[in-house]
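In case you want the letters, here they are:
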Amino acid sequence: MSARPLAICLAGHVDHGKSSLLGRMLHELDLLPDGKVAALEAASAHRGVPLEWSFALDSFQLERDQAITLDTTRVRVRTPRREVIVIDAPGHRELVRNLVTGAADTTAALLVVDAQSGAEAQTRAHAALLRLLGIRDFVVAVNKMDLLAWDEARFVGRRDEIAATLAPLGVVVHAIVPVSARDGGNLVHPAAATWYDGPTLVGALEALPEVPPLAVDAPLRQPVQDVYREGTTRTIAGRIVQGTLRAGDEVIVMPSGERVHVATLVGWPAPPESAVAGDNVALTFAEPVIAERGDLLCAPGEPARLTPVFDADIFWLGLEPLAIGRRLELRVGARAVEVRVAAIQHALDVDRLVPRAADTIPPNGLGRVTLRCAVAVAVDDATTCIGTGRFVLADGGVIFGGGVIDASRYPDQRRVRQPTSTNLTAVSHRIAAAERLARAGHAGAVVWLTGLSGAGKSTLAMALERRLFDRGWGAYTIDGDNVRTGLNSDLGFSPKDRQENIRRVGEVAALFADAGLICVTAFISPFRDDRQQARTAAGGRRFYEVHVHSDLAVCELRDPKGLYKKARAGELKGMTGIDSPYEPPETPDLVVDTGHANEAACVEQLVAFVVKNCRG
């Protein structure tokens, strides 16, 4: 028997017989209490219906009266070879949020499909949702075969249809079993039909892969769920989602980034030597570092990513479509922050289970979005750590959806570099900013041009530099391509390198502005946080963010470097606007619309703005 029970989510359309199948399976395994069958017979007779095996599970009078399941039922099932926890989740579209709750701890799925009607839209949506939550191993029960007189050809057609339907999800379908929940055929014992020579349903469940071990050797992740204060002692409590923790270990508290040592693990009658993934643990710190509910304790060498923005595969349960700009509460671990839908990349076509271009995610739909939080949050990609890579979306305390995180395209804000030496002494210049302004006739400034590739940033920057020079002003342009041949020639195009590229340019531009020059920069600089860092680097110097705006379609038509063509052909990865996001400025100092105005007009607009704001 497996060391850990196998948790299986029982899912499918509301009318396809999930609860009946589970109730009859319990009977066939002789796991129902004494007298339960007689009670079921009496209850069914009272309602004038045939014996209804789903009544063995239902807990509410409303459920028995309507013959539907309203809540999530967890049933521990002991088969001849294995212990299985079956989570019977509701099938109604309005109750999908309970399906999510029921599937949260599962590693496999039992999908029930009516032999007569096949995989309906709700069945396909449930399968896609389970895959989104990380469930990859499936067993399919083709139910109600008794109503088809166990017709082999009908089953084969349905089996092939189901396999083709699930194929786009990339799940592993271990078995597709013809069954009858009504008479118990092929649940535990073979049905009378002689043509089927595969496993029974219980046999197929027993053959599923062993439950993967808890990630005790992975980098530590412990969300802080509560902090208890007694005098000057603060005790931190939470459940370890991965890794191992011992007294004396160093951890990093995120999002603050402070490092601290674990003084003690709290326990009774004696402190435990260690705590591992899955354990609820309480601990104290050796140093006076403050941790609050919602913080995350991480291994210092491999902490979570700190980012205010990430992509996510989500399910949406709202009554209205989810649109760009919608503000919600995001809950990841014990952390709750305001979040805004920054972009919708695609919705899932439930009929074909493939992505399709969309501006919204429909009610009870799935899709991929970009979310921007009000503050940076500590998260992991769901493929790395599901415990810190899964979230829910709420509004007014009501859950409206949730999903899994993919932050791989975004820089880690924790990696913003700090001076590594403490032996630093600032040197004051002997020329005041007012003196520079008086001599040059203009103030120093950073004019930061941001926009998609092909929007015209470099063209405008060079034209602006020329016009300012002709006025007798000191100006210099730092261009995105030029800087990578020298200052930043050691950087690639990973999220980390792109972040460092902009950081260096921001610091250099600030030095130009400090010298009294007007530094014009032409960089895509797609992330707001990086542009904000450049503004911060400028300090008290003048900094103007200019959005050089042009629609993606127009930029693709121009495609001066041929990059869009390569990206569309799959020859170039991480192209901003194609498979990497661009976050336009929310409150730019100036917008230059190169998609609708000609070059001369755009240059005049830019020159007039700079002269007005930098004139001495």
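Everything below is about the structure printed above this text.
Values in this document were obtained by computation on a predicted structure and should not be read as measured data.

1. Details of the pairing of strand 12 (residues 258-266)
Right, on to step 1. In this sheet, strand 12 lies alongside strand 11 (residues 250-254) in antiparallel orientation, the contact comprising four bridges. Across the sheet, the residue bridging to Ile-252 is Arg-259, located in strand 12.
Right, on to step 2. When strand 12 meets strand 14 (residues 280-285), the two strands line up antiparallel, connected through four bridges. Within the sheet, the bridge partner assigned to Leu-265 lies in strand 14 and is Leu-283.

2. So, the side chain of His-13
Right, on to step 1. Relative to the helices and strands, His-13 resides in the loop between strand 1 (6-12) and helix 1 (18-28).
Right, on to step 2. Those residues in contact with His-13 that sit more than four places away from it in its chain are Lys-18, Val-112, Glu-120, Gln-122 and Thr-123.

3. Topic: helix 5 (residues 121-132)
Count 3.6 residues to each turn of an α-helix, and residues three or four apart come out pointing the same way.
Right, on to step 1. In this model helix 5 runs 16 Å from its N-terminal to its C-terminal C-alpha over 12 residues, within 8% of the 16 Å that 1.5 Å per residue would give.
Right, on to step 2. Along helix 5, 10 of the 12 residues are buried, which leaves the element largely enclosed by surrounding structure.
Right, on to step 3. Regarding helix 5, the residues found buried are Gln-122, Thr-123, Arg-124, Ala-125, His-126, Ala-127, Ala-128, Leu-129, Leu-130 and Leu-132.
Right, on to step 4. Just downstream of helix 5, Gly-134 is the residue with a positive phi angle, here 100°.

4. Some points on the sheet that holds strand 25 (residues 445-450)
Right, on to step 1. Spatial strand order, 26-27-25-28-29: five strands in an open sheet with parallel pairing. A strand with exactly one partner marks an edge of an open sheet, and here the two such strands are strand 26 (475-479) and strand 29 (590-593). Pairwise comparison of adjacent strand axes, ignoring direction, gives a mean angle of 20° for this sheet.
Right, on to step 2. Pairing of strand 25 with strand 27 (residues 518-522), which is carried by five bridges, proceeds in the parallel orientation. Within the sheet, the bridge partner assigned to Val-446 lies in strand 27 and is Cys-519.
Right, on to step 3. Running over the sheet, helix 11 (residues 495-514) touches strand 25, strand 26 and strand 27 and is turned about 145° from strand 25.

5. So, the packing of helix 11 against helix 12 (residues 528-538)
Right, on to step 1. Relative to each other, helix 11 and helix 12 sit at 25°, their axes nearing to 8 Å. With respect to their mutual orientation, helix 11 and helix 12 come out roughly parallel. When you trace helix 11 past helix 12, the crossing you get is right-handed. Counted together, Gln-499, Ile-502, Arg-503, Gly-506, Glu-507 and Ala-510 of helix 11 and Asp-530, Gln-533, Ala-534, Ala-537 and Ala-538 of helix 12 form the full contact between these two elements.
Right, on to step 2. Among the residues forming the contact of helix 11 with helix 12, the class breakdown is five nonpolar, three polar and three charged.

6. Topic: the sheet that holds strand 8 (residues 226-230)
Right, on to step 1. Strand order in the open sheet made by the seven strands is 7-15-11-12-14-9-8, with antiparallel pairing throughout. The outermost strands of the open sheet, each flanked by one partner alone, are strand 7 (221-223) and strand 8. Neighbour to neighbour, the strand axes of the sheet diverge by 40° on average, direction disregarded.

Procedures and definitions
Residues numbered from 1 in each chain as written. Predicted model: local features only at pLDDT ≥ 70, side-chain atom pairs only at ≥ 80, totals over all residues. Heavy atoms only, no water. Pairing = 2+ DSSP bridges. Helix = DSSP H or I, 4+ residues; strand = E, 2+ residues; numbered from the N terminus. Contact = heavy atoms within 4.5 Å. Expected span 1.5 Å × (residues − 1). Buried < 20%, exposed > 50% of the residue type's maximum accessible area, 1.4 Å probe, protein only. Axes fitted to C-alpha atoms, helices over the stretch in contact; angles between N-to-C directions. Parallel < 35°, antiparallel > 145°, perpendicular 65-115°, else oblique. Left-handed = near helix turned anticlockwise from the far one by under 90°. Nonpolar A, V, L, I, M, F, W, Y, C, P; charged D, E, K, R; others polar.

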